[in-house]
Structure formats: structure tokens, C-alpha cells
Amino acid sequence: MTTPATGSTITTTVAIIGAGFSGLSTAIRLRRAKIEDFVILERGAEIGGTWRDSTFPGAACDVSSLLYSLSTDPYPEWRRTFAEQEQILEYTRRCFDRHDLHPRVLLNANATSATFEEAEGRWRITTEDGREVCARALVLACGPLSTPAWPDLPDRERFRGALFHAARWRHDCALEGKRVGVIGTGATAVQFVPEIVDKVGALTVFQRTPPWIVPRPDRPVSAFARSIYRRWPLVQRFMRLLVYLSAELKGLPFTSAPRLAHLGEKITRRHMEQAIADPELRAKLTPSYTFGCKRVLLSNDYYPALTHERATLETASIERFTEDGVLTRDGRRHAFDVLVCATGYDLHTQPAPFSIFGRGGEPLAERWGAFPQAYKGTTISGFPNLFFLAGPNTRIGHTSQLFMIESQVRYAVSAVATLVKRGVRAYDVRREVQDAYNAKLQARLRGSVWESGCQSFYRTPEGKNTTIWPGFTFVFRARTGRFDVKAYEALA
């Protein structure tokens, strides 16, 4: 798309914020519904979303490649059963090419606000450089992994060495021979720590809470298998179905049978014992909470990496940053040349990386406060014609997030098609419908493995689980199969 001049306005039926998997899926589904009037706003200089930005060493998907692709666009060329970042980004670009979507993308279009203009029944989106987009419907495809979360520690600016977040890896920062500290032991750290431990002079990993880690059954996909998938696409679709069903079965301890969690614990303990001989190190790495309460991680080389002669696992809490490193609460000073923060993403404090104002100018951030909620994780009362992908309580921990996103996309596109067909100005989900939906959802969460006592990113600081979908993904797919117009107030 030709970049509009500063101060210009684009008028369209649908505005999509984000050119990652969510935005891509939305655009494809809109075209299938014969809705061609849409634009994608991307704050980066190229498409790709999370997989454009997540370039840390060892970055890869922790879901099978067969599932980590759009159902509309099967991909027979996966080189590994768990795809690496470079090929995932390549796949995303191929999908944009295949569907000729590049002309619909506004790059370097960093949205700063979105306001619903009730009289016109449209959303007005402004960008950092002064452009505006007016749209009847707004799809938030920003993704939950778009804003890195920094550790809540004082004096970060005092550190004189190199400091960066793993989600924005500094490839210009050489690690060879350096004293490197890693803050955090989540999914990102588990992937890059094994990649850098051989390069650094010394590596200290600061662990607040140990994760449950199970083996990662990764292997190369043979040229023969890829040729079969190319020649007979139905074979790949069948294999995808088998992988999906297997993942749903593995999700039983999380969704329906929390008593089975002990099986996952046994797998992890055996995995750890095979990799780590030191009983003291094993004790530090053994979680004290129920398997599945926090995100379960997959890795074959993280445990061995921590046994490396250059690696140290530090369990003392960090009190603050210092000029040459960090100070832990036991009074020890730790000096580093480089500090890498592997502390995840900001999932709770903001609904999007910009301000959103609904009916009557109400800010979405204030509406949500400490308890984000939506109807089917997608629409929000008081914010008509707004569709939030990967919204509240749509995350899952046992299978591909893309399955959930595609379910939401189908629902959103069905809503937009209904809006266009009936000539309605806007649809606003009824508040009582949204409240009843979330009351049932929170009741389902009570007694689940996610409510077994640990504090995780699934839950807000106040203890509300606003992240996880407490069930099978096919149930969510069924509930979002079509737009249920009776749940909405039509604004004529």
C-alpha cells in the first residue's frame, strides 16, 4: 500500500492492528467472506509480529510445526517438528505473498489511539506520525507477546554494562568471554541459555521459581516426508489432525482431570535426573507447585546447560540493580558485563499498546482495571464493533494458540459480515451477557490446576485468572462458530 501522507485519512470497513499471525488470519478470512475493504496497520518496518521481533538465540516454537500454521495455509516445507524462528517468519511472509496482502499493509504505522465515534458508528485510529484511519470495525491483532515486561526492580538505569530484554535481542552485543547474567527462567530463557553457555566467560541464571520442564520431541523432518506432504496434502492434514488430538489428550491434566498432573511431574523428575547428577542442583530446579499451575516448558538442553562449568544457578532474590551488576537480598553483589532480562511480556496492565476509548469516551484500560474480561474473549461491552484476538481467557497451555486465534477470527469475520449485510451501524455485546459468560468461566477455573496456589503470569497480581481458557479448544471453536447476534445490542 502506498503510504498516505501525514495528516491524511483512510476510510475503510475493517481496520486490523498488527501484521502477525492474527492479522494475517483475519485478512485471509475477510477475503474468503468477500470483504475486500480492509487495511492492516503495522507498527514495525516489516510484517511478522512476534516472530519478526523474537530473534534471540535458539528461538523456536514449542508447539508442533504441523499445528503451528494456519488451517487455510498448510505448509509442507517444515524442516523440523518444532519450527525455528527463521522458518516461521519465512512461512508468514509466504502467506502474505500468496494472498497478495502486502498492498493492504501500512508499515511504520504505530497506532497511538482508537476512539469509537458513536454518532457515525465508526472507529477513528490515529498513528504516531499523524495519519488517521476510520473504520466500521476494528480488529486488535496486536498479540499478547508484543510488549516486553521489565523486572520490577529499582535502579535499572544505574547499570553501566549492556542491558537488554531477550525479546529485543541485541545482536551487536558480543557475549564471548563476558560475564553474563540472565534474569528469569521462563520459556525464552530455556531456549537461549543453552545457546550461549559455551560462548560466555561466565553465566549466572537468576531463578525466582523453577519451571516444570518436559522433554521436547524435536527432530528433523525428512526430505521424503516433505515430498509426501507436497504431493498428497491430505496426508499432512491427517497428520495434523492426529497431532491435534494427541495435544488435546495431553491437555487433560490442565482442562478436565487435574489429578493426572502427577504424571507430568514424574516425567519431569525423570528428565531432570537423567540430565543432572548433583542432588543440590536438582533440588533447586524442582518446583514446589502443582504441574501445570505455571506454564510447562519443553527443552532437551536446558538442564544440561546448567551443569556446564561456566554456568551458575542463583536462587537468591535480586534486590536492585547496581553500577556493575545486581545486589541480591542476602547482601551479595554480582558483577556482570551483560545483563539479559528474560522476564516475559506485559499481559495484564494494558489491553493494547495504545489507548482505546469506547462509547461515551470510556477508556478500555479503566473499564478493565485489574480484571480484564470479554465475551468469548473477543468482544467487550461498551466497545462496539471491536474484536480482540488473543483476548482475555483465550490462552491455552497444551496446544497451538493459532487454533484459538482462528476460532476468534471466524467469529469476528462472521460479525463483520452480519454488520455489512444487515446495514446495522454497530453491534455492542450486552453487558449482562458478558457478565454471565465470565461468571461461568471463572466458576470453571475454580478448583482447576491453575488455581492450585502458585502465582503465574496467567493470573493478575490480585489473583484473577484472566488468561487461560479452562477447557478443550474444540469446545471454544464450537462456541465461536458463528456470530450470535441475539447476544448483542444493535445500534441503528
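Provided above is the structure to which this section pertains.
Heads up: these notes are all about the structure in this document.

What counts, and at which threshold
- Residues numbered from 1 in each chain as written.
- Predicted model: local features only at pLDDT ≥ 70, side-chain atom pairs only at ≥ 80, totals over all residues.
- Heavy atoms only, no water.
- Helix = DSSP H or I, 4+ residues; strand = E, 2+ residues; numbered from the N terminus.
- Rg over C-alpha atoms; globule rule 2.2 N^0.38 Å.
- Contact = heavy atoms within 4.5 Å.
- Areas by Shrake-Rupley, 256 points an atom, 1.4 Å probe, with all protein chains shown as cover.
- Lys, Arg positive; Asp, Glu negative; His and termini not counted.
- Charge placed at Lys NZ, Arg CZ, Asp CG, Glu CD.
- Pairing = 2+ DSSP bridges.
- Axes fitted to C-alpha atoms, helices over the stretch in contact; angles between N-to-C directions.
- Salt bridge = Lys/Arg side-chain N within 4 Å of Asp/Glu carboxyl O.
- Buried < 20%, exposed > 50% of the residue type's maximum accessible area, 1.4 Å probe, protein only.
- Parallel < 35°, antiparallel > 145°, perpendicular 65-115°, else oblique.
- Nonpolar A, V, L, I, M, F, W, Y, C, P; charged D, E, K, R; others polar.
- Patch = residues over 30% accessible without salt bridge, like charges linked within 9 Å, V, L, I, M, F, W, Y side chains within 5 Å.

## Notes on the overall build of the chain
Helix and strand content of the chain: 14 helices and 20 strands. Relative to the globule expectation of 23 Å for 492 residues, the C-alpha radius of gyration of the chain, 23 Å, shows essentially globular dimensions. Within the chain, contacts between residues at least 6 apart in sequence are counted, and of these 73% link residues at least 24 apart. Accessible area for the chain stands at about 21,200 Å²; split by element, carbon and sulfur atoms hold 51% of it. Across the chain, the 65 positively charged side chains and the 51 negatively charged ones have centroids separated by 7 Å.

## Topic: the sheet that holds strand β8 (residues 179–183)
Strand-to-strand pairing in sheets goes through backbone hydrogen bonds, with the strands running parallel or antiparallel. The strand order β7-β16-β8-β9-β12 describes an open sheet built from five strands, whose pairing is parallel. Looking at the sheet topology across the chains shown, the edges are occupied by β7 (162–165) and β12 (311–314). Averaged over all neighbouring strand pairs, the angle between strand axes comes to 15 degrees, with direction disregarded.

## Considering the pattern of salt bridges
Going through the model one piece at a time under the given rule, you end up with 30 salt bridges. With a closest N to O distance of 3.1 Å, Asp 484 and Lys 376 form a salt bridge. Placement of Asp 484 in the loop between α14 (473–479) and β20 (488–491) and of Lys 376 in the loop between α11 (364–368) and β18 (386–388) is noted, with a sequence separation of 108 residues between them. Here the residues in one salt-bridge network are Glu 42, Arg 52, Asp 53 and Arg 168, joined through shared partners.

## Thoughts on the pairing of strand β5 (residues 122–127)
Bridge analysis of strand β4 (residues 111–117) against β5 gives six bridges, and the strand direction is antiparallel. Considered in β5, the bridge of Ala 111 is made with Thr 127. Pairing of β5 with strand β6 (residues 132–140), which is carried by four bridges, proceeds in the antiparallel orientation. For Trp 123, the partnering residue across the bridge sits in β6 and is Ala 135. The turn joining β5 and β6, which pair antiparallel and follow one another in sequence, is formed by four residues; a positive phi near 95 degrees is taken by Gly 130.

## With respect to the sheet that holds strand β15 (residues 333–335)
Strand order in the open sheet formed by three strands is β13-β14-β15, and the pairing between neighbours is antiparallel. Among the strands making up the open sheet, the edge pair consists of β13 (318–322) and β15. Taking each pair of neighbouring strands and ignoring which way they run, the sheet shows an average axis angle of 25 degrees.

## Here we look at the environment of Gly 184
Mapping Gly 184 onto the fold places it in the loop between β8 and α4 (187–196). For Gly 184, a relative accessible area of 15% puts it in the buried group. Along the chain, Gly 184 and Thr 127 lie 57 residues apart, while their C-alpha atoms are 34 Å from each other. Beyond its immediate chain neighbours, meaning those up to four positions away, Gly 184 contacts Ala 189, Val 205, Phe 206 and Ala 342.

## Description of the packing of helix α5 (residues 223–231) against helix α6 (residues 233–250)
The contact between α5 and α6 brings their axes to 4 Å, and the two run at 110 degrees. With respect to α6, the axis of α5 lies roughly perpendicular. On the side of α5, the interface is formed by Ile 228, Tyr 229, Arg 230 and Arg 231, while α6 contributes Pro 233, Val 235, Gln 236 and Met 239. The residue inventory of the contact of α5 with α6, partitioned by class, reads five nonpolar, one polar and two charged.

## With respect to a nonpolar patch on the surface
On the surface, Trp 232, Val 235, Phe 238, Met 239, Leu 241, Leu 242 and Leu 245 cluster together into a nonpolar patch covering about 610 Å² of accessible area. For Val 235, the position within the fold is in helix α6.

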